[in-house]
Structure formats: C-alpha cells, structure tokens
Amino acid sequence: DAGVIQSPRHEVTEMGQEVTLRCKPISGHNSLFWYRQTMMRGLELLIYFNNNVPIDDSGMPEDRFSAKMPNASFSTLKIQPSEPRDSAVYFCASTPQEGETQYFGPGTRLLVL
Amino acid sequence: AQSVTQLDSHVSVSEGTPVLLRCNYSSSYSPSLFWYVQHPNKGLQLLLKYTSAATLVKGINGFEAEFKKSETSFHLTKPSAHMSDAAEYFCVVRRDSNYQLIWGAGTKLIIKP
C-alpha cells in the first residue's frame, strides 16, 4: 500500500516566486486535507476536500494560497506569490470517508528566502 | 467545544524504563481520540485511536492508551522505552460529526541511553 504521496519533499524558493505542492491520496480515499506545520502555530488545517469538492477553506491564510483537486487521485496547493512567512512543512492527509482516521503524507518542507 | 491539553512539552526517560505521556481533553460527548507520532523531519504516523469501543487501546510499537471518562484523560504509555521512540507525540481529538481534528501542542519524548 503506497500511502499518501507528496512532492516535492523539499522546496527552496525566493520571495515572490510561485510554489506548487502536490499530493496523491491513498487510492479509494474520498477526503483530502492540506495542513501547515510551524513551530509557532503548530498544525493548522488549510483546506478540506470531500469527493474532490472543497468543503472548508477557512484555514487558507489569504488569497495568495489556492488549492485544487481535479480528480480523486491528485491535489495541488499553490502559493503565489510566496513570502518568507510561508516557510513551513505542508502536509497532505486523506481518509476513506469523512470522519474516519486521517493518514498523512511525509510532508513538503518549504523554505522561502 | 472540544479541546485537548498535553500536560508536558518534554518528557525525558532512560532507555528500558516506562513512558507516560499525558493528555487531557474536554468534550461534551464521547469523543474520538488519537495519538500521532512524528519522528524528526518525518510525517505524522497514527499510533492508535479510541472510538468508543474498548477503553484500553493498543497501538503500534508497544504503545497503548487508556480512555478514562471520569478523568477526561487519554494518556499514552509504553512499558519499556527504546531509543527509536524518540520523537514528538501529538494527542488529537476529533470534533463530533466530522473531519476537524483538534491537535495538542505536542510532547517531545527524549530517550537517554
């Protein structure tokens, strides 16, 4: 079983550049989550999809952040333009159905200079 | 409203001695509770979960947790610590109904040789 796959694992970019993070959920899982983890704020939910539809994006920091899920096996989180305060670890997680246990990917460590 | 408190930010034990990581929660009804572990620079792995079945829950790597409603606690234990247990541990409560997880601040477990 492949687990949740995220790419890239590490990203270093300069302020103002566009960053795209990718996630492939576990096959058959209907729900997908994007989280951000920082030392200061811990783990924060950014957005939640159910059956490819965004259900809750209240955690998305601002308009610079956008997320899509064009099909059941792929999602992207885009930051444009990126800022140094976006530096964090971004996790993707999926569950078989809403309300069930969330399984996390290995994360993408983003550094914006 | 649900909340979760991890009582210790750091716990240090010697290899081979018992581990106790404390977690208290508040919830107006029977919650779903989880422990996740995060090894340095790694993703979040589910250790165990409680979903109103047996109050003593066994997880991976020899960990277990006991749900005590009267004490609103869900402490994580292991009889004998191993060096590979050094990691950060998160106690998590799920909001009823749905997908939102409320994360504790984390406890760093340090294992002394």
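Use the structure listed above.
Residues numbered from 1 in each chain as written. Chains lettered and ligands numbered in written order. Predicted model: local features only at pLDDT ≥ 70, side-chain atom pairs only at ≥ 80, totals over all residues. Heavy atoms only, no water.

**Quick look at the interface of chain A and chain B**
Every contact between the two is made by 18 residues of chain A and, on the other side, 17 residues of chain B. Roughly 1,400 Å² of surface becomes buried between chain A and chain B when both sides are summed, with 54% attributable to carbon and sulfur atoms. Area buried by chain A at its contact with chain B is led by A:Gly99, A:Thr101 and A:Phe104, which between them contribute 31% of it. Here chain A and chain B share zero salt bridges between them. If you look at where chain A meets chain B, you find four residue pairs in polar contact (both at pLDDT 80 or more). Breaking the side of chain A that touches chain B down by element, the ones donating at least two residues are strand S4 (31-38) and strand S5 (42-50) of chain A. Residues of the side of chain A that touches chain B, tallied by class, amount to eight nonpolar, five polar and five charged. (Contact = heavy atoms within 4.5 Å. Buried area = accessible area lost by both parts, 1.4 Å probe. Salt bridge = Lys/Arg side-chain N within 4 Å of Asp/Glu carboxyl O. Polar contact = N/O pair within 3.5 Å; in protein donor to acceptor, adjacent residues only side chain to side chain. Helix = DSSP H or I, 4+ residues; strand = E, 2+ residues; numbered from the N terminus. Nonpolar A, V, L, I, M, F, W, Y, C, P; charged D, E, K, R; others polar.)

**A look at the pairing of strand S3 (residues 19-24) of chain A**
Residue and element names in this part refer to chain A. Two strands pair when backbone bridges link them, and strand S1 (residues 5-7) and S3 are joined in this way by three bridges, in the antiparallel orientation. Looking at S3, one finds that Ile5 is bridged to Lys24. Pairing of S3 with strand S8 (residues 74-79) involves five bridges; the strand directions are antiparallel. Residue pairing in the sheet places Val19 in a bridge with Ile79 of S8. (Pairing = 2+ DSSP bridges.)

**Structural notes on the side chain of A:Ser75**
All names here are of chain A. Secondary-structure assignment places Ser75 in strand S8. A residue is classified by how much of its surface remains accessible, and Ser75, at 0% relative accessible area, is buried. Here Trp34 takes part through its side chain, which lies 2.9 Å from a polar atom of the side chain of Ser75. Beyond its immediate chain neighbours, meaning those up to four positions away, Ser75 contacts Leu21, Arg22, Cys23, Leu32, Trp34, Phe49, Lys68 and Met69. (Buried < 20%, exposed > 50% of the residue type's maximum accessible area, 1.4 Å probe, protein only.)

**Regarding the sheet that holds S1(A)**
Residues and elements named next belong to chain A. Ordered in space as S1-S3-S8-S7, the four strands form an open sheet in which the pairing is antiparallel. The outermost strands of the open sheet, each flanked by one partner alone, are S1 and strand S7 (65-71). For this sheet, the mean inter-axis angle between neighbouring strands, taken without regard to orientation, is 15°. (Axes fitted to C-alpha atoms, helices over the stretch in contact; angles between N-to-C directions.)

**Some details on the packing of aromatic side chains**
Within the structure shown, the criterion is met by 14 aromatic pairs over all chains. Ring centres 4.8 Å apart and planes at 15° place the aromatic pair A:Phe33 and A:Tyr48 in the stacked group. Remark: A:Tyr48 occurs in strand S5 and A:Phe33 occurs in strand S4; sequence separation between them is 15 residues. Exposure class is identical for A:Phe33 and A:Tyr48. Each is buried. The interplanar angle of 50° and the centroid separation of 6.3 Å between the aromatic rings of B:Tyr50 and B:Phe74 together place this pair among those described as tilted. Here B:Tyr50, found in strand S6 (residues 44-50), pairs with B:Phe74, found in strand S9 (residues 73-78); they are 24 residues apart in sequence, far enough to count as distant. There is no split in this pair, since B:Tyr50 and B:Phe74 are both buried. An aromatic cluster of at least three residues, connected via ring pairs, comprises A:Phe33, A:Tyr35, A:Tyr48, A:Phe91, A:Phe104, B:Phe34, B:Tyr36, B:Phe90 and B:Trp103. (Phe/Tyr/Trp six-rings, centres within 6.5 Å; stacked < 30°, edge-to-face > 60°.)

**Some points on the state of the cysteines**
All told, the structure shown has two disulfides over all chains when counted by the stated rule. What pairs with A:Cys23 in a disulfide is A:Cys92, and their sulfur atoms sit 1.9 Å apart. Given an S-S torsion of about -70°, the disulfide between A:Cys23 and A:Cys92 has left-handed geometry. Of this pair, A:Cys23 sits in strand S3 while A:Cys92 sits in strand S9 (residues 88-95), and the two are 69 residues apart along the sequence. Here the two residues A:Cys23 and A:Cys92 agree in accessibility, since each one is buried. The disulfide partner of B:Cys23 is B:Cys91, and the gap between their sulfur atoms is 2.0 Å. The sign of the -70° torsion about the S-S bond sets the B:Cys23-B:Cys91 disulfide as left-handed. Taken together, the positions of B:Cys23 in strand S4 (residues 23-26) and B:Cys91 in strand S10 (residues 87-94) put the pair 68 residues apart, joining distant regions of the chain. Both residues of the pair, B:Cys23 and B:Cys91, count as buried. (Disulfide = S-S within 2.5 Å.)

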